[in-house]
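Remarks on the overall topology
One-letter residues, chain by chain:
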Amino acid sequence: MWSRRLNRLKWLSTSVATNVKNNMGWWDHVLPAPKDPITSVTEAFLSDQSPFKLNLGVGAYRDDKGKPVILECVRRAAEKISGCEILESTKATTKSKFVQDCVKLAYGNHSNVVGEGRFAGVPALSGTGACRLFAEFQKRFYPDSQMFLPMPTWSNHHDIWRDSQVCTRAYRYYDPNSKGLQFQALMNDIKNAPGRSFFLLHPCAHNPTGVDPNYEQWKEISHIFKIKNHFPFFDMAYQGIASGDLERDATAIRIFLEDGHLLGCAQSFSKSMGLYGHRVGCVSIVSRDEKQATAIKSQLQQIVRAMYSSSPVHGPLLVSTILNDADLKALWEEEVKFMVDRLIRMRITLRRTLEELNSFASWEHITKQVGMFYFSGLSPEEVHQLQRDFHIYMTIDGRISMAGVTSTNVDYLASAIHEVTKV
């Protein structure tokens, strides 16, 4: 009997040791993911102890003291809804109203698309979530399709479509020599792409370059899209931040709608309303008719259901409150204009200061580009030197967030750029 018990204990001991050994091997093959090119800038900045350090990587608005801003319209909207009870029975109505408000903002209050109900949309977790939902939708119904992305584009676009198992291809967009738009090359790539291809377009304040087509060029782009029967998907993260005018910044989308395109659109309120932490966004798809819109919406809802069940309500309620209150919306428009005017002033000051330092380079592209970012043209070596010698942090491609430039640090930034670029 004791012999059997001893053998049993030995077997248990061996089994436990084997299980421990096996369990230790479950995740041994998992390696650290490559660092995100944007968040890694913030990490490096935070670990720097220099009192002179500058973080020019953050893509969110800062005031002239370098501080995050809560817009007054958001404060008032929060007060207005503070006593509201967000019940389960009212969530669907709130979200439906939010989507309606978003498409009006993007497509126009009096757009036929809105009036005829020819759109399908759902709230999304900011612009990133909106893009991901469309990528999943594209994969589901066009499994062999590709997404053409501008070169360059926001780095996360590549990851979003890759993780949705949609292959990506590049089309030419930015000219590093002129630091402007390669319009003819762009048109050639659109013409040469297979018919019925998906293209991602930045309708305003292109990230990272700040280079946008003008009205006539958008008309030509729309025309060739029509000929090739391409599908345009607009990622609109910066409506209002390009020009300070919400309507003007929607021009590209309005042109495509006037030309009869079906299209998709991702919207975010992280930048224009300062709701970065709320993750408020919307994805919408223009359809042939209301029946088709209903079918598309049901598919988007099914994707959402399996991915994160449903989106939060508070952020969308804030946005809808602002968009449906004439006074709050007017205040928002004023605050957007104020933000953009500050960014423009910093562009003008940075360019003027560099020119006063008798830099050999041309800096006119600083004021030609628009939006949150200045695509400097600095080489990776120059970016590293700025970080090492001057404690100035930006993404490796030389993208500078103009929101991080203030009246107190612009001279220091200009002097540092001058030092690393002079012969």
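Reading guide: rules and limits
Residues numbered from 1 in each chain as written. Predicted model: local features only at pLDDT ≥ 70, side-chain atom pairs only at ≥ 80, totals over all residues. Heavy atoms only, no water. Phe/Tyr/Trp six-rings, centres within 6.5 Å; stacked < 30°, edge-to-face > 60°. Helix = DSSP H or I, 4+ residues; strand = E, 2+ residues; numbered from the N terminus. Buried < 20%, exposed > 50% of the residue type's maximum accessible area, 1.4 Å probe, protein only. Patch = residues over 30% accessible without salt bridge, like charges linked within 9 Å, V, L, I, M, F, W, Y side chains within 5 Å. Areas by Shrake-Rupley, 256 points an atom, 1.4 Å probe, with all protein chains shown as cover. Salt bridge = Lys/Arg side-chain N within 4 Å of Asp/Glu carboxyl O. Axes fitted to C-alpha atoms, helices over the stretch in contact; angles between N-to-C directions. Parallel < 35°, antiparallel > 145°, perpendicular 65-115°, else oblique. Left-handed = near helix turned anticlockwise from the far one by under 90°. Contact = heavy atoms within 4.5 Å. Nonpolar A, V, L, I, M, F, W, Y, C, P; charged D, E, K, R; others polar. Core = buried A, V, L, I, M, F, W, Y, C linked by side-chain atoms within 4.5 Å. Pairing = 2+ DSSP bridges.

1. Looking at the packing of aromatic side chains
For the structure on display, the rule yields 22 aromatic pairs. Measuring from centroid to centroid gives 5.4 Å for Y142 and F198, while their planes differ by 65°, and the two rings are edge-to-face. Pair noted here: Y142 is in the loop between α6 (126-141) and β3 (146-151) and F198 is in strand β7 (residues 198-201), with a separation of 56 residues, a long-range link. With a relative accessible area of 42%, Y142 lands in the partly exposed category. Since its relative accessible area comes to 7%, F198 is described here as buried. Between F390 and Y412, the ring centres sit 6.5 Å apart and the planes meet at 70°, which makes this aromatic pair edge-to-face.

2. Digging into a nonpolar patch on the surface
On the surface, W26, W27 and V30 cluster together into a nonpolar patch covering about 430 Å² of accessible area. Locating V30 in the fold gives a position in the loop between α1 (2-24) and α2 (39-47).

3. Some details on the pattern of salt bridges
Counted by the stated rule, this structure contains 19 salt bridges. K35 is the salt-bridge partner of E43, the closest N and O atoms lying 3.9 Å from each other. Between E247 and R254 there is a salt bridge; the shortest N-O distance is 2.9 Å. Residue E247 is classed as partly exposed on the basis of its relative accessible area of 44%. Bridged by salt links that share partners, the residues D159, R162 and D163 form one connected network.

4. Examining the packing of helix α15 (residues 380-390) against helix α16 (residues 410-421)
Where α15 meets α16, the closest approach of the two axes is 10 Å, and the angle between their N-to-C directions is 125°. One finds that α15 runs oblique with respect to α16. Crossing of α15 over α16 shows right-handed handedness. Of the residues in α16, those in contact with E382, Q385, L386 and F390 of α15 are Y412, A416, I417, E419, V420 and T421. Looking at the contact of α15 with α16 residue by residue, the classes come out as six nonpolar, two polar and two charged.

5. Concerning the nonpolar core
Judged by nonpolar contacts, the single largest core of 94 residues is most densely connected at Y107, I221, F269, M273, W332, L350 and I392. Ranked by residue count, the leading element in this core is helix α13 (residues 326-356), at 10 residues. In contact with I221, not counting residues within four places along its chain, are F183, L186, M187, I190, P213 and F256. Judged by nonpolar contacts, the second largest core, of 27 residues, contains F134, L149, W161 and A266.

6. Points about the packing of helix α9 (residues 215-228) against helix α10 (residues 251-258)
Following both chains from N to C, one finds α9 and α10 inclined at 40°, their axes separated by 9 Å at the closest point. The angle between α9 and α10 falls in the class oblique. Here α9 runs over α10; the crossing is right-handed. Touching Y215, W218, K219, I221, S222 and F225 of α9 are T251, A252, I255 and F256, all from α10. Per-class residue counts for the contact of α9 with α10 are seven nonpolar, two polar and one charged.

7. A closer look at the sheet that holds strand β4 (residues 167-172)
With mixed pairing, the seven strands of this open sheet are ordered in space as β2-β10-β9-β8-β7-β3-β4. The open sheet terminates on both sides in strands that have one partner only, identified here as β2 (119-125) and β4. Averaged over neighbouring strand pairs, the angle between their axes works out to 20° when direction is ignored. As paired strands, β7 and strand β8 (residues 231-236) are joined by four bridges and run parallel to one another. Opposite L200, over in β8, you have F233 as the bridge partner. Each of β4 and β7 is contacted by helix α8 (residues 183-192), which is oriented at about 140° to β4, the strand it contacts most. On top of the sheet, helix α11 (residues 290-308) reaches β2 and β10 (280-286); it is set at about 15° to β2, its chief contact.

8. Quick notes on unusual backbone geometry
For the bond from M151 to P152, the omega torsion is 5°, close enough to zero to count as cis. Residue placement: P152 occurs in the loop between β3 and α7 (155-163). Residue P208 is bonded to the preceding N207 through a cis peptide linkage, with omega at 20°. Within the fold, P208 resides in the loop between β7 and α9. At N229, a residue that is not glycine, the phi angle is positive and equals roughly 60°.

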